[in-house]
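Examining the three-dimensional arrangement
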Amino acid sequence: MIEEAGLEGDIDNWDLLWLALKASRVIDTHVVKTIGSTGDFATFQDAFEWATRYRIAPGYSLTFLVAAEDFGLDGAAETAIFSHPDGSRIHLIAADLLAAFPAQSAWAANGGGAGNRATDLAANKALAESVFATRVYCENGARASVVGNLGTFKNIAFLGDGSPVDGLVMTGGFSAVEAVVSLGFGVKNFAFQSAQSSVKNVVGAGGEHGLICISGAHLTCASGYIAGFNASLDGVTAAQMCAVYCTGGSVYAGGCAQYGVHADANAGITAGAASSSRNNTQGSFVATGQSRLTAIGSTSIGAPSVGYYSNGNSHLEINNCTASGTTFYLANRGSSIDAGGGNVGASSPAVNTVGNENSYIRQ
């Protein structure tokens, strides 16, 4: 204890021990530690266990620099939990990427069938391995969780083995997340729950959901993009009174069995220019359950059942969008679609008429 506090003197001196105890309680300077095989801590668990012994004074920070190497988590007991009462003053920054973060079009999203999804996921894992210098391989139910605040979370790929668990879950608090992907988990690959986060270049792929925002979470993307791929359900979902704002960024989803971008259960999504939904079987941009989805200049690619779908007192604002699919626009059960500009194909009800339980599509 005395040595860790940076004090020197008689180790049998109780006064010195008392000073060390007091000094050990608070970090009141900017501290940098390393995580890796030759670092201050070998694992994420060791680093955060050490951090929980300290409080971090306002105006100061604790930065964990993560080495460019592979980390392994095996079994639920080895789940990486990033949690600290002063988490907003902790920055978890991994090694620089080996190449530029992939463009949206680089991620595989060829179709919603199980075979295509498996092939796409393998390709996307290989892509992540070629880009990220810091990779966390999760096996046999291991995963990762951010509980509460985290000042910065950057440059890490979490790669699952298909175990039926959530991958990376960010719960509560606020975090700035950049260049983080979570691929190959069986349920929710990248989940924001009751969290408020600024995000840039985040990708979830595989399992039931690609990337999901639930339980009052709010995501803001001012640059870069949010993406979800290869899901048996939806690519990017906001549900349960959540909001996803991509004004300077975009939303991208592809290769999912159900919907691409989906606002559900009193949720809202604003998809910035250049957002696209590619090869999603059931629908491209969808709002259900009294939700609202705004997509200005977005593109529906492939042949979904419905390009733009609004249901259950929901609204789609899709000015200057490119539609595709068996039905370009579909509104049901008191819902509406504003399809100003863009191309108009098959729609139900017909454009500028009322139908489908008092629904309306305006062109």
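To be clear, the structure that these remarks concern was listed above.
Quick caveat: nothing in here was measured; it's all calculated off a predicted structure.

Among the structural elements, Ser163 can be located in the loop between strand 10 (150-160) and strand 11 (168-171). Overall, Ser163 belongs to the buried group, its relative accessible area being 12%. Non-local contacts of Ser163, meaning those with residues more than four positions away in its chain, are made with Glu139, Asn140, Gly141, Phe185 and Gly186.

Attention shifts here to the side chain of Ser197. Structurally, the position occupied by Ser197 is in strand 14 (residues 196-205). By relative accessible area, Ser197 is classed as buried at 4%. When neighbours within four sequence positions are excluded, Ser197 is seen to be in contact with Phe174, Ser175, Phe192, His218, Leu219 and Thr220.

Turning to the pairing of strand 27 (residues 306-311), a few remarks are in order. Extensive coverage of strand 27 is indicated by the burial of six of its six residues. Note that strand 24 (residues 283-288) and strand 27 share five bridges and pair parallel. Residue pairing in the sheet places Gly283 in a bridge with Val306 of strand 27. In this sheet, strand 29 (residues 327-332) lies alongside strand 27 in parallel orientation, the contact comprising five bridges. Paired with Ser310 across the strands is Ala331, a residue of strand 29.

With that settled, the discussion passes to the packing of aromatic side chains. If you walk through the whole model with that rule in mind, you get 19 aromatic pairs. Both rings, one in Phe229 and one in Tyr252, keep their centres 5.5 Å apart while their planes meet at 55°; by these two values the pair is tilted. Taken together, the positions of Phe229 in strand 17 (residues 225-229) and Tyr252 in strand 20 (residues 250-254) put the pair 23 residues apart, joining distant regions of the chain. A residue is classified by how much of its surface remains accessible, and Tyr252, at 4% relative accessible area, is buried. Here a set of aromatic residues connected by ring pairs shows up, and it is made of Phe41, Phe44, Phe48, Trp50, Tyr54, Phe64, Phe71, Phe82, Phe153 and Phe158.

Ordered in space as 6-9-11-13-15-18-21-24-27-29-31, the eleven strands form an open sheet in which the pairing is parallel. Edge positions in the sheet fall to strand 6 (80-83) and strand 31 (347-348), since each of these pairs with one other strand and no more. With three bridges joining them, strand 15 (residues 209-214) and strand 18 (residues 236-239) adopt parallel strand pairing. Looking at the pairing, Leu211 lines up with Val236 of strand 18.

Here we take up a negative patch on the surface. Together, Asp74, Glu78, Glu139 and Asp161 make up a region of like negative charge exposed at the surface. Locating Glu139 in the fold gives a position in strand 8 (residues 135-139). Taking the relative accessible area as the measure of exposure, Glu139 reaches 39% and is therefore partly exposed.

A separate point is the pattern of salt bridges. For the structure shown, the criterion picks out five salt bridges. Arg135 is the salt-bridge partner of Asp70, the closest N and O atoms lying 2.8 Å from each other. Of this pair, Asp70 sits in strand 5 (residues 70-74) while Arg135 is found in strand 8, placing the two residues 65 residues apart along the sequence. For Asp70, a relative accessible area of 42% gives the class partly exposed. Look at Arg135 and you get buried, because its relative accessible area is 18%. Between Asp338 and Arg362 there is a salt bridge, with its nearest N and O atoms 2.7 Å apart. Residue Asp338 is located in strand 30 (residues 336-338), and its partner Arg362 is located in strand 33 (residues 359-362); the two are separated by 24 residues in the primary sequence.

Calculation rules
Per-chain numbering applies: the sequence of each chain, read as written, is numbered from 1 onward. Given that this is a predicted model, residues contribute local features only at a pLDDT of at least 70 and side-chain atom pairs are listed and counted only at 80 or more, while totals for whole chains, interfaces and linings are drawn from all residues. The basis for the side-chain values is all heavy atoms of the structure; hydrogens and waters are excluded. Starting at the N terminus, helices and strands are each numbered in turn, a helix being any DSSP run of H or I of at least four residues and a strand any DSSP run of E of at least two. The rule is simple: take the accessible area with a 1.4 Å probe, protein chains only, and divide by the maximum for that residue type; under 20% is buried, over 50% is exposed, in between is partly exposed. Contacts were defined at the residue level, with two residues in contact if any of their heavy atoms lie within 4.5 Å. Only strands that DSSP links by at least two bridges are regarded as paired with each other. Put simply, two rings from Phe, Tyr or Trp (the six-membered ring, in Trp's case) pair if the centres are within 6.5 Å, and we call them stacked under 30 degrees between planes, edge-to-face over 60, tilted for the rest. Grouping into patches uses exposed residues only, defined as over 30% relative accessible area, and leaves out salt-bridged ones; the cut-off is 9 Å for like charges and 5 Å for nonpolar side chains (Val, Leu, Ile, Met, Phe, Trp, Tyr). Residue exposure ignores everything except the shown protein chains as possible cover, and the areas themselves are Shrake-Rupley values with a 1.4 Å probe. We count a salt bridge whenever a side-chain nitrogen from Lys or Arg sits within 4 Å of a carboxyl oxygen from Asp or Glu. Here Asp and Glu are counted as negative and Lys and Arg as positive; His is not counted, and neither are the chain ends. One atom stands in for each charge, and that atom is NZ of Lys, CZ of Arg, CG of Asp or CD of Glu.

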